[in-house]
Structures are given as structure tokens and as C-alpha cells.
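Letter by letter, the chains look like this.
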Amino acid sequence: MDAVDKPFLRALAGEAVWPPPIWLMRQAGRYLPEYRATKEKAGGFLELCLNPALSAEVTFQPLRRFPLDAAILFTDLPMLPWAMGQGLRYGQGGADGVGPILDPVRDAAAIEALTPGRAAQKAAPIMETVRRIRAGLEKDHPGVALIGFAGAPWTVACYMVDGRGGHGFPLARHMAEENPALLGRLFERLLEASEEYLVAQAEAGAEALMLFDSWAGLLPPEGFERWVVQPTAELVRRLRARLGPDYPLIGFPRLGGEGIPAYAGRVGVNAVGLDETLDPAWAAGAMPPGVTLQGNLDSKVLVAGGAALEEATASILSAMKGRPFIFNLGHGITPDTPIEHVAALVAQVKAAQVKATR
């Protein structure tokens, strides 16, 4: 199916589609009972990520409930370090109920032991998942686009150095300040692996790629420039060289604040994801022309529902009307989100209701 038939891809190409396309980060996840049942069937979270049939199944689950405009590959950010040879397991806790635990990479020997050139090969089950999703979309959801993704280098490095999520990643931040040459070497390996991993997803059928820099907000301005903007721009340059200048790319420098307009202007992505801390009206005026925006409903408001959800959704729609825009959350759906609230949100966006209720 051509891009003109898919509102999500049209918006990424710079068209002010109205009503705007909508998809939601973590739209396949623990708020859905069918997801929980599938994960139990798989035997664990890592096992689910490496089972193409079941990973494809959980990707399709939200599409059966809601008229969303994009599906996103079901996998996890630490799967790239795993594909490079870093030990990975999942314990209790974390954003999906199972927190990633990695064998830390903190010295030159550990970095040299990584195998970035084999990342796409080791991640073959994930590429098979992409192929299955794309085939299923063409058969049953022909207007829905498929997003592949990876973590941006800084965020992936945070997991690799600290060895687990959360807690502000003090060891990665310390390395950035005290041993930037060592961190730079890790970034070289990450850029190589990320390029191969993402190109493989595109070749398997992903129609757009998203770079999640979930921990960009941990860095001061000079660190944001060095460890977020510069390496992401290099990764985008490499992807453009391999996939063509028009292949759609989305960047998400979460909690980047006032640095996000410069990121949008210099990194070279088609679209920038906005987190919930940003004023949509400010973002619409501050971003460079030609950059599609994506976001940025607070996931806590989605949990609350009712008038608060209607008003917040209407405010975002009003701020973004007339420009290229994709409706999304400012972060992922949380497990306590009522399914009926997601249905109400999608219905409101599809109806393009911009008038606030008060």
C-alpha cells in the first residue's frame, strides 16, 4: 500500500492531516488483559520478545480494539545490547512489570567484547516479527503503518553502563563526565550496531523508525549536545545513506526541554516526539518549519479520564491544528489505564473535537 493511503506516513511526510493520525506509546502492554495472557504463555518478557508469533500477536492486540493509525514493533530497548552480546535478563519491577538487568559494561575490555557487526544477525527473531507484523497489517489493517525502533545511543548506553533501569543512571552520567573517551568508544560500537539493527528492521518491513532517547533529560545542556544531539545526528546520517533521504524517522529526546527545537533543527529527523512537560502551543511555535510533531498527552490524564481527558486532548488538538502532527502520549500507557479511557481518547481524536469543555 502506498504512503498516501496511510495517514501516519502522510503526516511524517509533512502533510497537515486532519483529523490527525494517532498511535500510543506502549499501546501493547499490561493495561490489556490479552497482553498479560500472552506474556504468561510466552513464559517471560525476554521470551516474548524473542517469539515472533507471540510478539506479532501482542502488536496486533490494540489494533483489534482501537482504530489506531500505526503499530509499533513489540520489543524492548535493551534488546540491542543483548544483540551485541551483553548479558540480559528480566526481574520484577520496571515499566512493564519486568525490569531489565544487564551485565554492566564499564571498561575497555567489556566494550571491546561487544559484537556490533553481528547485532542484526543475532536479532533475527525480531526481524521475523517485523515481517509477520507487516504481512498481518497488509491483510487485516491495510491503512495502518508499521514503526520499528531502537533506543538512541545515550539511552542505550545508560542501560549498558548502569546495568539496570531507573535510579537516574549515576554510573553512565559519571562516565560522561570523568571518562568521556571511554563512553565515546562505547558510542562508536552503539552507532555501528544501531545502524545495522535499524536498517534490518526497515528491510524486513518497518515503514518508519523511531529513536527513543528516554533519558535525554538527565544531561545538562553541554551533555545534551555531546551525547544526544551529535550522535543521533550521526545515526540519522547513516540511516539516510542506507535507506534513502525520504525514509521517515522520528526522534524522541524525552525531557529535553528547551533543547528540543535545536535537536529538531540539527538531527535531521522528520518528526519529533514531545513529552508531557512541554506546552503544545509553545512547541508548535518553537519548532523548525517542516518538522512533524508527535505527542504529548500526559499518561496520568489518560488514567483519570472524564472531563480532564477531554479538555487536555482538545487543547492539544487546538494547538496543533493546521500543522503536520501525530497524536500520542508524552510517555507510555501505564498499566493502571482503563481500557475505556483509551477508547474515548481515540474517538475524540478521530472526531477532531477541538473545543474544550469549559
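Calculation notes
- Residues numbered from 1 in each chain as written.
- Predicted model: local features only at pLDDT ≥ 70, side-chain atom pairs only at ≥ 80, totals over all residues.
- Heavy atoms only, no water.
- Helix = DSSP H or I, 4+ residues; strand = E, 2+ residues; numbered from the N terminus.
- Buried < 20%, exposed > 50% of the residue type's maximum accessible area, 1.4 Å probe, protein only.
- Contact = heavy atoms within 4.5 Å.
- UniProt positions renumbered as here; feature names shortened; annotations may be inferred.
- Salt bridge = Lys/Arg side-chain N within 4 Å of Asp/Glu carboxyl O.
- Pairing = 2+ DSSP bridges.
- Axes fitted to C-alpha atoms, helices over the stretch in contact; angles between N-to-C directions.
- Core = buried A, V, L, I, M, F, W, Y, C linked by side-chain atoms within 4.5 Å.

Residue placement: Q201 occurs in helix α11 (residues 180-204). Using a relative accessible area of 0% as the deciding quantity, one classes Q201 as buried. In this view, Q201 contacts L73, M127, V130, G148, F149, A206 and L209; residues no more than four positions away in its chain are not counted.

This part takes up the UniProt feature "binding site: substrate" (unreviewed entry) in the chain. Under the UniProt annotation, "binding site: substrate" (unreviewed entry) lies at R26, Q27, A28, G29, R30, D76, Y159, S214 and H331. These annotated residues cover 306 residues of sequence, and their C-alpha atoms reach 22.7 Å apart at the extremes, leaving them scattered rather than at a single site. A relative accessible area of 14% means that A28 is categorised as buried. Once residues within four sequence positions are removed from consideration, A28 is found in contact with Y35, V58, T59, P62 and F74. For D76, the position within the fold is in the loop between β1 (70-72) and α5 (79-83). What D76 contacts, discounting residues up to four positions off in sequence, is F45, C49, Y90 and F149.

In this section: the pattern of salt bridges. Taken as a whole and judged by the stated rule, the model has 20 salt bridges. Note that E34 and R65 form a salt bridge whose closest N and O atoms lie 2.7 Å from each other. Residue E34 is located in helix α2 (residues 33-42), and its partner R65 is located in helix α4 (residues 52-65); the two are separated by 31 residues in the primary sequence. R65 gets classed as partly exposed once you look at its relative accessible area, which sits at 38%. Between R64 and E57 there is a salt bridge, with the nearest N and O atoms lying 2.8 Å from each other.

With respect to topology, seven strands assemble into an open sheet ordered β1-β4-β5-β6-β7-β8-β9, the strand pairing being parallel. Where the open sheet ends on each side, the last strands, each with one partner, are β1 and β9 (325-329). Here the strands of the sheet are splayed against their neighbours by 25 degrees on average, with no regard to which way each runs. The pairing of strand β5 (residues 208-213) with strand β6 (residues 249-253) spans five bridges and is parallel. Note that in β6 the partner of F212 across the bridge is F252.

F8, W154 and L186 are the most contacted members of the largest nonpolar core, which has 126 residues in total. Take this core: its biggest share by element is 13 residues, from α11. For L186, the contacting residues outside a window of four places in its chain are V105, I111, L114, A157, M160 and V161.

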